[in-house]
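# Overview (structure and organization)
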Amino acid sequence: MNAPDRYERFVVPEGMKKVAYERDMKIMNAATFTVQREDHTVGNVIRMQLHRDPSVLFAGYKLPHPLQYKMVVKIQTTSQSSPMQAYNLAITDLTKELDHLKAAFEQEMAQKQADYY
């Protein structure tokens, strides 16, 4: 069959960067991040986190083609911030939020197991 192997959707090939950064030369304080081997799940979460930042004027993502396993994130910020700072802050905030969610889940599971047994 002509379909690519399933692992190609998730495993980043050797020598390829997970995230590539490219400054936009036409728009002030704008950049494009190309994230390899990610889809709408991660794209939408990053976009929503970027929208929470008051210094972000525009944040959007797209998947160029269904058979290309990459996501393109475009960010434009105010002059007080840079797209790289906004992206890094969004990733850091998401990591903290997911760690909190994991801890709360594990605590609740431990409580339920203690009550059950």
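Everything numeric here is computed off the predicted structure, so don't read it as measured data. (Residues numbered from 1 in each chain as written. Predicted model: local features only at pLDDT ≥ 70, side-chain atom pairs only at ≥ 80, totals over all residues. Heavy atoms only, no water.)

The next point concerns the overall build of the protein. Within the protein, the regular secondary structure consists of two helices and four strands. Scanning the protein from its N terminus toward the C terminus, one meets helices and strands in the order β-β-α-β-β-α. The globule rule puts the C-alpha radius of gyration for 117 residues at 13 Å, and the 18 Å found for the protein is more than 25% above it. In terms of principal-axis extent, the alpha carbons of the protein reach across some 65 × 50 × 20 Å. (Helix = DSSP H or I, 4+ residues; strand = E, 2+ residues; numbered from the N terminus. Rg over C-alpha atoms; globule rule 2.2 N^0.38 Å.)

Moving on: the UniProt feature "coiled-coil region" (unreviewed entry) in the protein. Per the UniProt record, "coiled-coil region" (unreviewed entry) is found at residues 84–111. Secondary structure within residues 84–111 divides into 100% helix and 0% strand; the distance between the first and last C-alpha atoms comes to 41 Å. (UniProt positions renumbered as here; feature names shortened; annotations may be inferred.)

Applying the stated criterion across every chain, the model contains two aromatic pairs. With centroids separated by 5.2 Å and ring planes inclined at 55°, the aromatic side chains of Tyr21 and Phe33 adopt a geometry described as tilted. Of the two residues, Tyr21 sits in strand β1 (residues 19–23) while Phe33 sits in strand β2 (residues 30–36), which places them twelve residues apart along the sequence. Since its relative accessible area comes to 38%, Tyr21 is described here as partly exposed. Overall, the relative accessible area of 1% leaves Phe33 in the buried class. A ring pair is formed by Phe33 and Tyr87, whose centres lie 4.3 Å apart and whose planes are at 10°; its orientation type is stacked. In this pair, Phe33 is assigned in strand β2 and Tyr87 in helix α2 (residues 83–116), connecting sequence segments 54 residues apart. Judged on exposure class, the residue Phe33 and its partner Tyr87 are both buried. Three or more aromatic residues joined by ring pairs form one cluster here, namely Tyr21, Phe33 and Tyr87. (Phe/Tyr/Trp six-rings, centres within 6.5 Å; stacked < 30°, edge-to-face > 60°. Buried < 20%, exposed > 50% of the residue type's maximum accessible area, 1.4 Å probe, protein only.)

Turning our attention to the pairing of β1. Where β1 meets β2, five bridges bridge the pair, whose relative direction is antiparallel. Bridging from a neighbouring strand, Arg23 pairs with Ala31 of β2. If you look at the hairpin formed by β1 and β2, you'll find six residues sitting between the two strands, and Asn29 has a positive phi there, around 55°. (Pairing = 2+ DSSP bridges.)

Right, let's get into the UniProt feature "domain: DNA-directed RNA polymerase RBP11-like dimerisation" (unreviewed entry) in the protein. Taking the numbering used here, the UniProt-annotated feature "domain: DNA-directed RNA polymerase RBP11-like dimerisation" (unreviewed entry) corresponds to residues 30–102. In residues 30–102, helix accounts for 44% and strand for 30%; the two terminal C-alpha atoms are 33 Å from one another.

Before going further, it helps to spend a moment on the sheet that holds β2. Pairing is antiparallel in the open sheet, where four strands are placed in the order β1-β2-β4-β3. Taken across any chain shown, the strands that pair with only one partner, and hence form the sheet edges, are β1 and β3 (56–62). Within the sheet, the average angular offset between the axes of one strand and its neighbour, ignoring direction, is 15°. Where helix α1 (residues 40–51) meets the sheet, its contacts fall on β3 and β4 (70–77), and the angle it forms with β3 comes to roughly 175°. α2 contacts β1, β2, β3 and β4 of the sheet and is inclined by roughly 45° relative to β2. (Axes fitted to C-alpha atoms, helices over the stretch in contact; angles between N-to-C directions. Contact = heavy atoms within 4.5 Å.)

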